[in-house]
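Take a look at the letters that make up each chain.
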Amino acid sequence: MKPNEINQIGRYVSILHRSSQIALNHLLDLPGLTASNANLLLFIFDNGKVTAQDIADQQAINKGLVSRELNSLFKNGYIEKSVDKQDKRNIQITLTAKGVAAYQTVNSLMSKWWQQQFEASGLTNQTRIYADLQKLTTQIIGVPLQFHPISNKNNVTKK
């Protein structure tokens, strides 16, 4: 690739991210939920009990922003916070039943939106795109992403 072409990769990724966030904000109709904090719901669902630092590290987001978004999710009943029994300095975050329902809505909306984009653009090798972006992200943040699909019955608070 030519230098001016490779320099456009960040621009393209940024446009994709912003466009998906704008679309989600337009589609969401849940109290207190925005595209920004909806991404945290997705992360918590995929990873089970997490800390704010886990989210900040794995999502490459400023911890202050993570804390503000988590406070909003907590205030709106989507998450619950509890003291980590093994390290009492850490607060573990889990989804409430309301948070799981919101996750399902967000996941469905975003899956449909992305599928529409892939179909409209004629891109058929989504697996390859996913693998390449995952590899590049791992290189940039310095560690493999910790994606642990969970059985949520063990990580959801009943409310």
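Parameters at a glance
- Residues numbered from 1 in each chain as written.
- Predicted model: local features only at pLDDT ≥ 70, side-chain atom pairs only at ≥ 80, totals over all residues.
- Heavy atoms only, no water.
- Axes fitted to C-alpha atoms, helices over the stretch in contact; angles between N-to-C directions.
- Helix = DSSP H or I, 4+ residues; strand = E, 2+ residues; numbered from the N terminus.
- Parallel < 35°, antiparallel > 145°, perpendicular 65-115°, else oblique.
- Contact = heavy atoms within 4.5 Å.
- Nonpolar A, V, L, I, M, F, W, Y, C, P; charged D, E, K, R; others polar.
- pLDDT = per-residue confidence, 0-100.
- Phe/Tyr/Trp six-rings, centres within 6.5 Å; stacked < 30°, edge-to-face > 60°.
- Buried < 20%, exposed > 50% of the residue type's maximum accessible area, 1.4 Å probe, protein only.
- Lys NZ or Arg CZ within 6 Å of the ring centre and 35° of its normal.
- Patch = residues over 30% accessible without salt bridge, like charges linked within 9 Å, V, L, I, M, F, W, Y side chains within 5 Å.
- Areas by Shrake-Rupley, 256 points an atom, 1.4 Å probe, with all protein chains shown as cover.
- Salt bridge = Lys/Arg side-chain N within 4 Å of Asp/Glu carboxyl O.
- Core = buried A, V, L, I, M, F, W, Y, C linked by side-chain atoms within 4.5 Å.

Once that is clear, we can look at the packing of helix α2 (residues 8-27) against helix α3 (residues 35-47). At a minimum axis separation of 9 Å, α2 and α3 run at an interaxial angle of 100°. One element, α2, and the other, α3, form an angle in the roughly perpendicular class. Residues H17, Q21, L24 and N25 of α2 form the contact with α3, whose participating residues are A35, S36, A38 and N39. Among the residues making up the contact of α2 with α3, the classes are represented as three nonpolar, five polar and no charged.

This part takes up the confidence of the model for the protein. Put simply, the protein has an average pLDDT of 88, and 91% of its residues get 70 or more. Strand β3 (residues 156-157) is the least confidently modelled element of the protein, averaging 52 in pLDDT, while strand β2 (residues 91-96) averages 96, the highest of any element.

Quick look at the packing of aromatic side chains now. Tallying each qualifying case throughout the model produces three aromatic pairs. On the basis of an interplanar angle of 10° and a centroid distance of 3.6 Å, the ring pair of F45 and Y103 is categorised as stacked. Of this pair, F45 sits in helix α3 while Y103 sits in helix α6 (residues 97-121), and the two are 58 residues apart along the sequence. With relative accessibility at 16%, the residue F45 sits in the buried group. On the basis of relative accessible area, Y103 is assigned to the buried category, the value being 9%. Members of the aromatic cluster, connected to one another through ring pairs, are W113, W114 and F118. The residue whose ring lies beneath K81 is F74, and the NZ or CZ to ring-centre distance is 5.1 Å. K98 extends its terminal NZ or CZ atom over the ring of Y78, reaching a point 4.9 Å from the ring centre.

On the surface, a nonpolar cluster with roughly 690 Å² of combined accessible area is contributed by M1, I6, I9, V13, L133, L136 and I140. Broken down by secondary-structure element, the contributors of at least two residues to the nonpolar patch are α2 and α7 (126-141). The element best represented in the nonpolar patch is α7, accounting for three residues. Relative to the helices and strands, L136 is located in helix α7.

Before going further, it helps to spend a moment on the nonpolar core. Ranked by internal contacts, the top residues of the largest apolar core, which has 29 residues, are L33 and L70. Secondary-structure elements contributing two or more residues to this core are α2, α3, α4 (52-59), α5 (63-75), β2 and α6. Counting residues per element, this core draws most heavily on α3, which supplies eight residues.

What follows concerns unusual backbone geometry. Positive phi values are uncommon outside glycine, yet A60 reaches one of about 55°. Structurally, the position occupied by A60 is in the loop between α4 and α5.

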